[in-house]
Amino acid sequence: MDAHRIQYWVLLVLLAPPAASILAAALGPRFLRGQTHWLPILGVGAALVGSVNLFNQVRAAGEAHGSIVVELYRWIATVPDQWFSVNVLVDPLTAIMLLVVTGVALLVVVYSREYMSDHGHPVRGYERFFAYLALFVFSMCVLVLGGNFLLLYLGWEAVGLCSYLLIGFYYDRPSAAAAAKKAFLVNRIGDFGFGLAILLIYVTFQELDYQAVFAMVDAGTTASGEALTSGRVTAIALLLFCGAAGKSAQFPLYVWLPDAMEGPSPVSALIHAATMVTAGVYMVVRCGAIFAASPLAMALVATIGAFTALLAATIALVQFDMKRILAYSTISQLGYMFLGVGMYAGSAAIFHLFTHAFFKALLFLAAGSVMHAMGGVIDLRRFGGLRRVMPWTYATMLIGALSLAGIPLLSGFWSKDAIIHAAFENSRLLGWIGLLTALLTAFYTFRMVFLAFHGTTRVPDGVHAHEAGAWIKLPLVVLAVGSIFAGYADVTFLSGGFAGAFDPHGWFSHFLSSVTAPFAMHHAEFAAAGHMQKYGLLYMSSAVAIGGVILAYSLYVDSPMLGLIIRRAFPKTHQLLSNKYYVDEAYESWIVQPLRRLAAFCYAFDRYVIDGLVWLLTAVPRLAALVLRVFEQGRLQGYGTSMTIGLAAILFLILVIGG
Amino acid sequence: MDSTLLSWLVFVPTIGAVACLLAPREVTRTVAMLASGISFVLSLFLIPPFLGAGDEMNAAAVFGSSYGDALHFIQRIPWINGESFTIEYFLGLDGLNLPLVILTTLISLLAVWASWNFDEWKINKGKKGYFALLLLLETGMLGTFVALDFFLFYIFWEVMLLPMYFLIGVWGGPRKEYAAIKFFLFTLAGSVLMLVALVAMFFYSGAAVAEYPELAVSYRDGASVLTTGTFDLIELATNEAIQKYFGESLFLGWRFAPVMFIFLFVGFAVKLPAVPVHTWLPDAHVEAPTPISMILAGVLLKMGGYGFLRLCYPIFPSGGQFWAGTLAAIGVVSILYGALCAMAQTDFKKLVAYSSVSHMGYVLLGIAVMTETGFQGAMFQMIAHGISSPMCFFLVGVIYDRAHHREINRFGGLWLTMPKYGTMATIGFFASLGLPGLCGFVGEVFVLLGTFEARHTFTWAVPAAILAAAGVIFTAGYILWLIQRVYLGPQKPEYADYPEATGREMAILMPLAALCVVLGVLPRVVFDYMNGTLRNILDQIL
């Protein structure tokens, strides 16, 4: 690759969105107002053009040369000639992430044009919304383009800030304000670990550039030439994963994501489904060299991923808020991705990230379309049977749901299957958990679809339900097409006749192979797994997905009474799930409240103990003053008395002792 | 090399103070503005000799090859001559005080501007006195930063004390007398010990040059030999005879260096402020008028950190080694304890005051570990806090001027009422929170990194770094909670008609906000001007 040409495209990707953001903030409120959306459309569009070009160059360069580092600026130096540079790393992983980020972002910006308008009039804060959105795209591009841990962290925090600002976009709503705070705080806990990981990397390797660090990890040495202990690598990996668990909403730090649905739907689609929340997966795959070097960390990543996937899926079974169902689904799917990474299938994880971006963004945007039509109502109990009223929304959402459910031949099927495969090859238990979760996924997805779109048409009072306009339909259709076909990026038709058509290791994993090499290196047997087992699993997961859909159909369309009976039969379980296992309550009473009490205690300590000691110190002179004041009371008689006594005493001394 | 620029810089505010008293009441604030403006402009003329210092080739020329080797704008006049001593009027500038001097003139200028609505204050008597004292305070602060003779330093140190006492005690809030006296007593307790150290160091340095005349070569020309005791802060740090003697002699049966170190430390720790000698700060801030709070947080607290780096460490390096663990512990406790106390506040201003305690804990920790990165982080944290905390205090002041109360829980929805002000508040508080890309982040990271790097020297370094890093969670907690309660949420009727921040208010906030961003994105604009000196100090003490 030609570093020079790359540099210009990189600069286009990095500069167009922030320019759009700044212009939107500067010109929006006064001049552009309802036309502000054109700025991010242009800016993000330019970034997309840049991303496509970068992707093409990486692809053209081929496996061996498909990675390049470009230094843009020297940022700070700690010791002489050791610079933290603003350098970008362009490689297959970056290229794919950039495509996902800018592509989905462009569609979301287009969608927001209509969504952020109320009957054709821009809502309050219209300009602000687009300024934040463009800022987010910039931050996300920094995150995936950064060639060192410092830029990664910078982008990481910046997307967190954008997420905070956008969750709290309707900041006059107390629930939105609380959700924004919660998101930032929970992420801070993760970032605490992430920050320590970066510090530890720096003190271990005296470097923050990816390539230098990973080279040393591969060589098993530290900067001073000593052997790198496995304990150190594991510590770094676990701390990094702490950050990933926060950003990508994994147990136990997932609690912020459902609440984050307080933000506008396009934000949920872009930030809290397709891009930002996948940053954790990106980071773990990026740091594959570090993770793969620590079996313990890999096992933990896989276990947490599988556990989170199952946990979130069970919660999603009984929720009624469409966006929250999708949020729990996102948590669950992110769990799948971590399961994939932990099972040494980095490319499968990124592949799922890729397809998930399409169908989950689609589902959120479609849910947003419903919400827009229902006058802001998103509770499944208050509307239903919308398929005749909103045919476009219904059709596209159905495609998204089929893809999410893992119905054969759609995108989600291929990627999810690849992960379940990897799981079965390494751990039978985690594989079964993955399969069970797939069943639940199909069920809750179609429960949602059936409740919203099937049955008799019901809408909330005073709402005139209507299909969305072109600005909303266009992104839905584009994403629907992607939800069907994106999965074929990793399907190969070349090997083994008919069965070979289902071989899920095609172009995509090949393209990523230079990035995921560390996983393969530490796990050579993965590549040599038997074919028969693979195809067996394919049929199994197909059956599971279809079974889940049929189950949902029979419970929510065919015989709704049956569902009610089942719910009545297990009231405790149902209550536990509806209340999300009381995890929020546990956080409140075990962490938040004790911390508040500790804070109050500290302040009381300050007021009474420390200031009390100060008071005691000052009491000494005051006490002395109290005694001495007796002699200085300012009355003539008193002075006269003491003068007389004094004089007498002196005379006595002189006469008696002196004489 | 000799220059009178620093003298002008220091005494222009004094001239301004006199002019304030003489000029008619109507123009007092203009005169004050002019004086602080001139000293700000003058301070910018200090930069040229340091330009290009970021380049490794120039660094040696700018900062010299060792501590005290390349002082700029030196002015040295024998001032008080005794039989066996010389007290000099000795001013000079290096990478340690340059950024602080510019910070001082900037914050003073903004503070004078923030006092522009003096006539609308609750206590608006004595306008001339107020502005004159404010300018006198600026003289004291600038003098303390540029004085390189201990005696002179001490005088300027005390010059700061009185104006501050009156500014809080006369123009303060309801409990102003209590707050002013508390401030005064705490600071005075510190200066008393400093005075003891001042005298002891003079006599011991005299003994030193008598003991080791062959080593007593002065840094000034590299040839002449010192024959008497000295107050020269650079001489005390660099003269081999003095250093040798300080390192081995005893003071009342204890080792001289650790004892003197702690004597000086106490005075500076009060100013910093470090737990447990911090309780004057919340009271002082709550009672002080907004502009005074800005100066207090922005500049006065930096005296502590500056004192460590100018006096304690270069002169008593073994004291630094001796007390490292204790100091780091105090730093970590300050970080966590300050943050927890901030979390418990319901008074807006008190919350910001406790956040200062927490933030300055990083300064102490960074210095205590005695690594280059730690020193850099501590210095950067001082500058960053010197920008973000005056901004936060001014933000509090803006809303206090309208609401006349500071109860966090009574506010709400202010962003909706005052969008521009809300935006500024977001920048200011997020800078304070340490968001990457804003100024608060760089200092904290460097301190943590420096602490980690000291792990081979100190066994406690890693736990200390982890605990200090945990502080950022608490910080995020209280700041986000604050933003949620004050700025977010539905509009409250009693605040619905509040006017947006005025042009003057925005003009004060804008440069601070811009600096928050610039220092966060391009930290080199600070690092380049000070790293050389910090490295020289470190070379000196290790």
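Asker: An account of the interface of chain A and chain B is requested, with residue identities and associated values reported.
Answerer: Taken residue by residue, the interface counts 48 residues in chain A and 59 residues in chain B. Summing both sides of the interface, chain A and chain B together bury roughly 4700 Å²; the carbon and sulfur share of this comes to 72%. The interface formed by chain A and chain B holds two salt bridges in total. In this structure, the salt-bridge partner of Asp283 of chain B is Arg607 of chain A, at a minimum N-O distance of 3.4 Å. Summed over the shared surface of chain A and chain B, the result is eleven residue pairs in polar contact (both at pLDDT 80 or more). The set of elements that each furnish at least two residues to the side of chain A that touches chain B consists of strand E1 (68-77), helix H5 (149-167), helix H6 (174-205) and helix H26 (583-629) of chain A. A per-class count over the side of chain A that touches chain B returns 35 nonpolar, two polar and eleven charged.

Asker: With reference to specific residues and values, describe the domain arrangement of chain A.
Answerer: With domains assigned, chain A is organised as domain 1 (1-147), domain 2 (346-572) and domain 3 (584-657). One C-alpha centre belongs to domain 2 of chain A, the other to domain 3 of chain A; they are set 74 Å apart.

Asker: Before we move on, can you summarise the pairing of strand E2 (residues 86-93) of chain B with the specific residues and values?
Answerer: The side chains of a regular strand alternate, first on one face of the sheet and then on the other. For E2 of chain B, the buried fraction is high: seven of the eight residues fall into the buried class. Connecting the antiparallel pair strand E1 (residues 72-81) of chain B and E2 of chain B is a turn made up of four residues.

Asker: Outline the state of the cysteines, listing residues and values.
Answerer: Residues and elements named next belong to chain B. In this structure the tally under the stated criterion is zero disulfides over all chains. The cysteine Cys439 is free of any disulfide, with Cys516 supplying the nearest cysteine sulfur at 3.9 Å. Owing to a relative accessible area of 0%, Cys439 belongs among the buried residues under this scheme.

Asker: Now, about a nonpolar patch on the surface: what can you tell me, with residues and values included?
Answerer: All names here are of chain A. Nonpolar side chains collect at one region of the surface, where Leu647, Ile650, Leu651, Phe652, Leu653, Ile654, Leu655, Val656 and Ile657 lie side by side and expose about 940 Å² of accessible area between them. Relative to the assigned elements, Ile650 resides in helix H27 (residues 636-658). By relative accessible area, Ile650 is classed as partly exposed at 48%.

Asker: I'd love a proper account of the side chain of Asp191 of chain A, names of residues and values included.
Answerer: Residues and elements named next belong to chain A. Mapped onto the elements, Asp191 comes out in helix H6. Of the side chains with opposite charge, Lys247 comes closest to the buried, unpaired Asp191, at an N-O distance of 4.9 Å. Not counting residues up to four positions away in its chain, the partners in contact with Asp191 are Tyr153, Trp156 and Glu157.

Asker: Quick one: what's the story with the confidence of the model for chain B, residue by residue and with numbers?
Answerer: All names here are of chain B. For chain B, the mean per-residue pLDDT works out to 90, and 100% of the residues sit at or above 70. Mean pLDDT across the elements of chain B bottoms out in helix H3 (residues 56-63) (78) and peaks in helix H4 (residues 98-114) (95). With pTM at 0.91, the complex prediction returns an ipTM value of 0.88.

Asker: Residues and numbers for the nonpolar core, please.
Answerer: Judged by nonpolar contacts, the single largest core of 440 residues is most densely connected at Phe149 and Ile290 of chain A together with Tyr313, Phe348 and Phe429 of chain B. Leaving out residues up to four positions away in the same chain, Phe149 of chain A has contacts with Ile198, Ile201, Leu208, Tyr210, Val213, Phe214, Leu240, Cys287 and Ile290 of chain A.

Procedures and definitions
Residues numbered from 1 in each chain as written. Chains lettered and ligands numbered in written order. Predicted model: local features only at pLDDT ≥ 70, side-chain atom pairs only at ≥ 80, totals over all residues. Heavy atoms only, no water. Contact = heavy atoms within 4.5 Å. Buried area = accessible area lost by both parts, 1.4 Å probe. Salt bridge = Lys/Arg side-chain N within 4 Å of Asp/Glu carboxyl O. Polar contact = N/O pair within 3.5 Å; in protein donor to acceptor, adjacent residues only side chain to side chain. Helix = DSSP H or I, 4+ residues; strand = E, 2+ residues; numbered from the N terminus. Nonpolar A, V, L, I, M, F, W, Y, C, P; charged D, E, K, R; others polar. Domains from an automatic or database assignment. Buried < 20%, exposed > 50% of the residue type's maximum accessible area, 1.4 Å probe, protein only. Pairing = 2+ DSSP bridges. Disulfide = S-S within 2.5 Å. Patch = residues over 30% accessible without salt bridge, like charges linked within 9 Å, V, L, I, M, F, W, Y side chains within 5 Å. Areas by Shrake-Rupley, 256 points an atom, 1.4 Å probe, with all protein chains shown as cover. Lys, Arg positive; Asp, Glu negative; His and termini not counted. pLDDT = per-residue confidence, 0-100. Core = buried A, V, L, I, M, F, W, Y, C linked by side-chain atoms within 4.5 Å.

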